[in-house]
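If you want the building blocks of each chain, they are given just below.
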Amino acid sequence: SYRKGGYHAVRIGDPFSGGRYIAQRKLGWGQFSTVWLAYDTLSSSYVALKIQKSAQQFAQAALHEIEFLSAAADGDLQNTKCVVRLIDHFKHAGPNGQHLCMVLEFLGDSLLRLIRYNRYKGLKMDKVREICRCVLTGLDYLHRELGMIHSDLKPENILLCSTIDPAKDPVRSGLTPLLEKPEGNANGGGGSSTMNLIEKKLKRRAKRAVAKISERRVSMVGGEASSKTDRSLDGIDMRCKVVDFGNACWADKQFAEEIQTRQYRAPEVILKSGYSFSVDMWSFGCTAFELVTGDMLFAPKEGNGYGEDEDHLALMMELLGKMPRKIAIGGAKSKDYFDRHGDLKRIRRLKYWPLDRLLVDKYKLPEAEAKEFAEFLSPILEFAPEKRPTAQQCLEHPWMNVVSSQNKADNVESQMRNLHIKG
Ligand code: ATP
Ligand code: MG
Ligand code: MG
């Protein structure tokens, strides 16, 4: 891909935009771009530099992404809306052509890596709640204030915030050194094998920091199958932001019929019944489940005599019950999968396993926790798009404001301490 029209090869120390940005190390890559940690000499801070492949269609895609990122930045001057900030953009000429470059605020690891780091066991409910609050804040902003649909929400496209200077505290600035695992390279997001002095220094510091918390991590690394807790994340702030606006669209100006990554795709997209903001809510629901359990909510596969779409619809109905007939037969593709009664054509025997039972029986959540979470999630996974709650409504849901027993204990303790000090 490092040829004409493709990626731009970067060496550590390379200057960009007339010397304003200096490349430090590779943060990741995608189908369209490589992303580098760069030092911004103007603001004396670190940024993420996304360097797009140069061919016409990639440049077009970058312009599209810049349009949406700019709109998001313009409406969020305080940078509090949980959406990645576009700082700058420019063109860079290289041997493979002209590359559009986006300068983004530097963020940490994706939730996908967080899930992997946690060995697919799921995160503690309080961590999930913190993450959900951020994602919903971002979605509420995009939907209600901007009229924008993200259309590709998933754990990979939600990055943890990195509040600390990466040269000072790499562990807490993004967990990256902790998360470096052999499987970490799939779907982009890997790192470069080239290492410069800065990176070596970062690694040394990271090692020291890792040593300090390794004691607390042992239980998790040891892998107690029954434990849902992950002590190693204790005290780590789960703030995060929504990224990757390459597929975003305006609700009133849609162009793509097929949107979203397979596992996070809403039923109305599969059936081609038209879509709106609520497709993001569906993906959000799938993501929240994955954070809690470590498993994808729906992982459809093509089978003997049926395709991936039909399997996907079957999986949805096994969890959520039968799709209302009107919805099942209402899409442009309905006839491919459903008969006129609203039953699937090729997959006949469905095994119903509702969400609250699944969370208890398969994922061993405590009954009360499972019930509360299922009550939050079920309306989001409504087949009827217009019945799904909005991001704003989700933020007001009681589950978002549950105080866990641990937090209650902490509060009591701090109150006691205050009393003690006053006394
Ligand atoms: P895709 O194929 O997913 O559309 P893409 O070429 O559009 O990929 P992104 O998904 O935007 O690229 O970024 C690729 C990777 O770079 C991400 O998975 C992430 O690891 C890293 N990355 C992107 N933006 C940032 C950021 N602001 N801060 C830190 N790392 C980032
Ligand atoms: Mg991406
Ligand atoms: Mg993209």
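Residues numbered from 1 in each chain as written. Chains lettered and ligands numbered in written order. Predicted model: local features only at pLDDT ≥ 70, side-chain atom pairs only at ≥ 80, totals over all residues.

A. Helix α8 (residues 278–293), seen in detail. When the terminal C-alpha atoms of α8 are compared, their 23 Å separation across 16 residues agrees well with the 22 Å that a helix rising 1.5 Å per residue should span. Here α8 lies mainly inside the structure; 16 of its 16 residues are buried. In the segment just after α8, Gly-294 is the residue with positive phi, at about 85°. (Helix = DSSP H or I, 4+ residues; strand = E, 2+ residues; numbered from the N terminus. Expected span 1.5 Å × (residues − 1). Buried ≥ 20, exposed ≤ 12 C-beta atoms within 10 Å, placed from the backbone.)

B. Quick look at the site of ligand 1. The environment of ligand 1 is made up of 22 residues, and the closest members are Gly-28, Gly-30, Phe-32, Val-35 and Ala-48. Among the elements of the structure, β2 (21–29), β3 (33–40), β4 (45–52) and β6 (97–105) are those that each provide at least two residues to the shell around ligand 1. Broken down by element, the shell around ligand 1 gets its largest block of residues, 3 residues, from β2. Grouping the constituent residues of the shell around ligand 1 by class yields 11 nonpolar, 8 polar and 3 charged. (Near = placed C-beta within 6 Å. Nonpolar A, V, L, I, M, F, W, Y, C, P; charged D, E, K, R; others polar.)

C. Layout of helix α13 (residues 367–377). Of all the positions in α13, only Ala-370, Phe-373, Ala-374, Phe-376 and Leu-377 are classed as buried. One face of α13 carries all of its buried residues, which in axial projection span an arc of 155°. What points out from α13, more than 90 degrees from its buried face, is the exposed set Glu-367 and Ala-368. (Arc of directions from axis to C-beta.)

D. Spotlight on the nonpolar core. Core analysis: the largest hydrophobic core is formed by 103 residues, its most contacted members being Val-47, Ala-48, Leu-49, Ile-131, Val-135, Cys-240 and Leu-377. Element by element, the count of residues in this core is highest for helix α3 (residues 125–146), at 10 residues. Each residue touching Ile-131, except ones within four places of it in the same chain, is listed here: Leu-111, Met-238, Cys-240 and Leu-291. (Core = buried A, V, L, I, M, F, W, Y, C linked by C-beta atoms within 7 Å. Contact = placed C-beta atoms within 7 Å.)

E. Here's a closer look at the environment of Asp-88. Considering the arrangement of structural elements, one finds Asp-88 in strand β5 (residues 86–94). With 207 residues separating them in the primary sequence, Asp-88 and Asp-295 have C-alpha atoms 37 Å apart.

F. Molecular detail of the UniProt feature "binding site: ATP" (unreviewed entry) in the protein chain. Cross-referencing UniProt, the feature "binding site: ATP" (unreviewed entry) maps to Lys-50 in the present numbering. Mapped onto the elements of the fold, Lys-50 is located in strand β4. The residues touching Lys-50, leaving out its near neighbours within four places in the chain, are Ser-33, Val-35, Cys-101, Met-102 and Leu-104. (UniProt positions renumbered as here; feature names shortened; annotations may be inferred.)

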